[in-house]
Amino acid sequence: DLEEYLASIDQSLAGECSGRTLLSLDSYGDDCEALAYSMGAWAIAYLVDGSSPDVLLENVYPEAEELGWEAAFEEAFGMTPEAFDVEFMAFLELPDDQKMAILDL
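For the structure given in this document, a descriptive report is provided here. All figures in this text were calculated on a predicted structure; none of them were measured in a lab.

**Topic: the overall build of the protein chain**
Part 1: Within the protein chain, the regular secondary structure consists of six helices and zero strands.
Part 2: When its helices and strands are written in sequence order, the protein chain yields α-α-α-α-α-α.
Part 3: Taking 105 residues into account, the globule formula puts the C-alpha radius of gyration at 13 Å, and the protein chain, at 14 Å, falls close to it.
Part 4: In the protein chain, which comprises 105 residues, the share counted as buried stands at 33%.
Part 5: Total accessible area computed for the protein chain in this model is approximately 6400 Å², and 51% of it derives from carbon and sulfur atoms.

**A short note on the environment of Met 89**
Part 1: In this structure, Met 89 sits in helix α5 (residues 81–91).
Part 2: Along the primary structure Met 89 and Arg 20 are separated by 69 residues, whereas in three dimensions their C-alpha atoms are 9.4 Å apart.
Part 3: Other than its neighbours up to four places away in sequence, Met 89 contacts Leu 13, Arg 20, Thr 21, Leu 22 and Met 39.

**A few points about the packing of aromatic side chains**
Part 1: The final tally for this structure, using the stated rule, is nine aromatic pairs.
Part 2: The interplanar angle of 40° and the centroid separation of 6.2 Å between the aromatic rings of Trp 42 and Phe 91 together place this pair among those described as tilted. In this pair, Trp 42 sits in helix α2 (residues 33–49) while Phe 91 sits in helix α5, placing the two residues 49 residues apart along the sequence.
Part 3: A residue is classified by how much of its surface remains accessible, and Phe 91, at 5% relative accessible area, is buried.
Part 4: Each member of the aromatic cluster is reached from another via a ring pair, and the members are Trp 42, Tyr 46, Trp 69, Phe 73, Phe 77, Phe 84, Phe 88 and Phe 91.

Calculation rules
- Residues numbered from 1 in each chain as written.
- Predicted model: local features only at pLDDT ≥ 70, side-chain atom pairs only at ≥ 80, totals over all residues.
- Heavy atoms only, no water.
- Helix = DSSP H or I, 4+ residues; strand = E, 2+ residues; numbered from the N terminus.
- Rg over C-alpha atoms; globule rule 2.2 N^0.38 Å.
- Buried < 20%, exposed > 50% of the residue type's maximum accessible area, 1.4 Å probe, protein only.
- Areas by Shrake-Rupley, 256 points an atom, 1.4 Å probe, with all protein chains shown as cover.
- Contact = heavy atoms within 4.5 Å.
- Phe/Tyr/Trp six-rings, centres within 6.5 Å; stacked < 30°, edge-to-face > 60°.

This is the structure:
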């Protein structure tokens, strides 16, 4: 569950994956592959919280083939993937209760 992913993210960033960011991870063959999945799940939750639950299926994916994923991302979210990476990494620095609050549980 996403709460367990937070503990995994914190542990990885404090240890063997220190200094990594979402965009620096590769889910295939990266020593920090597990971090890529945990951070990816939280990145989607964060993006959906700031937009809508259907934004990926209705906006990003349909436009990605024509525009490329980076341009489709920027059009859907109003920021480059690089700007999102910085914003998301700052979000991960918040206390866990503030991070969990975006889930509307």
